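What follows is the residue order along each chain.
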Amino acid sequence: MIQMDISQFLPDLGTGFIGGAIIGWGIKKAIKIVVALVGLYFLSLLYLAKLGVISINKEAFTGLMGNVESSIISYGSQAAGLIHSASLGTGFVAGFALGFKKG
């Protein structure tokens, strides 16, 4: 009978947890910045449309938003598969969740 010492896995779990926490925190900060910039961009477009400087094609805009949504969903499923196959997955996922929550 082979005995496994669980302490041999602790460094991997700790490394994955720390890496995941840092990456989760950074991704949340980056998402906040991108959302703020996109929001400012749309507000500026709406302001220019209200002034009559530009006109917005609403049908094309809603079609574009549908394409962006499907791209995000596709990328999210690919990223989930990548994280699932990582060797330090358990610690990484726990750290990522904590970093994303605290970010």
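Residues numbered from 1 in each chain as written. Predicted model: local features only at pLDDT ≥ 70, side-chain atom pairs only at ≥ 80, totals over all residues. Heavy atoms only, no water.

Undergrad: Is there a simple way to explain the overall build of the protein chain in this structure?
TA: Along the backbone of the protein chain there are 3 helices and 0 strands. Across the 103 residues of the protein chain, 10% fall into the buried class. For the protein chain, the proportion of contacts with a sequence separation of at least 24, taken over those separated by at least 6, is 80%. Summed over its atoms, the accessible surface of the protein chain is roughly 8,300 Å², and 72% of this surface lies on carbon and sulfur atoms. (Helix = DSSP H or I, 4+ residues; strand = E, 2+ residues; numbered from the N terminus. Buried < 20%, exposed > 50% of the residue type's maximum accessible area, 1.4 Å probe, protein only. Contact = heavy atoms within 4.5 Å. Areas by Shrake-Rupley, 256 points an atom, 1.4 Å probe, with all protein chains shown as cover.)

Undergrad: Help me understand the environment of Gly-95 in this model?
TA: Structurally, the position occupied by Gly-95 is in helix H3 (residues 89–102). For the pair Gly-95 and Gly-19, spaced 76 residues apart in sequence, the C-alpha to C-alpha distance is 7.0 Å. Beyond its immediate stretch of four places on either side in the chain, Gly-95 contacts Phe-17, Gly-20 and Ala-21.

Undergrad: In this structure, what is going on with the packing of aromatic side chains? I would like to understand it.
TA: Under the criterion given, the structure shown has 1 aromatic pair. Consider the rings of Tyr-41 and Phe-42, whose centres lie 5.9 Å apart with planes at 55°: the pair is tilted. (Phe/Tyr/Trp six-rings, centres within 6.5 Å; stacked < 30°, edge-to-face > 60°.)

Undergrad: I would appreciate a short explanation of a nonpolar patch on the surface in the present structure.
TA: A cluster of nonpolar side chains, contributed by Ile-33, Leu-37, Leu-40, Leu-43, Leu-46, Ile-56, Phe-61, Leu-64, Met-65, Val-68 and Ile-72, occupies part of the molecular surface with about 1,000 Å² of accessible area. Listed by contribution, the elements that provide at least two residues to the nonpolar patch are helix H1 (10–51) and helix H2 (58–84). The residue Leu-40 is located in helix H1 in this model. Judged by relative accessible area, which is 56%, Leu-40 ranks as exposed. (Patch = residues over 30% accessible without salt bridge, like charges linked within 9 Å, V, L, I, M, F, W, Y side chains within 5 Å. Salt bridge = Lys/Arg side-chain N within 4 Å of Asp/Glu carboxyl O.)

Undergrad: How do you make sense of the confidence of the model for the protein chain when you look at a structure like this?
TA: When pLDDT drops low, the exact placement of atoms in the prediction is not to be read closely. Confidence in the prediction for the protein chain averages 77 pLDDT; 72% of positions are at 70 or higher. Within the protein chain, H2 has the poorest average pLDDT of any element, 71, and H1 the best, 86. (pLDDT = per-residue confidence, 0-100.)

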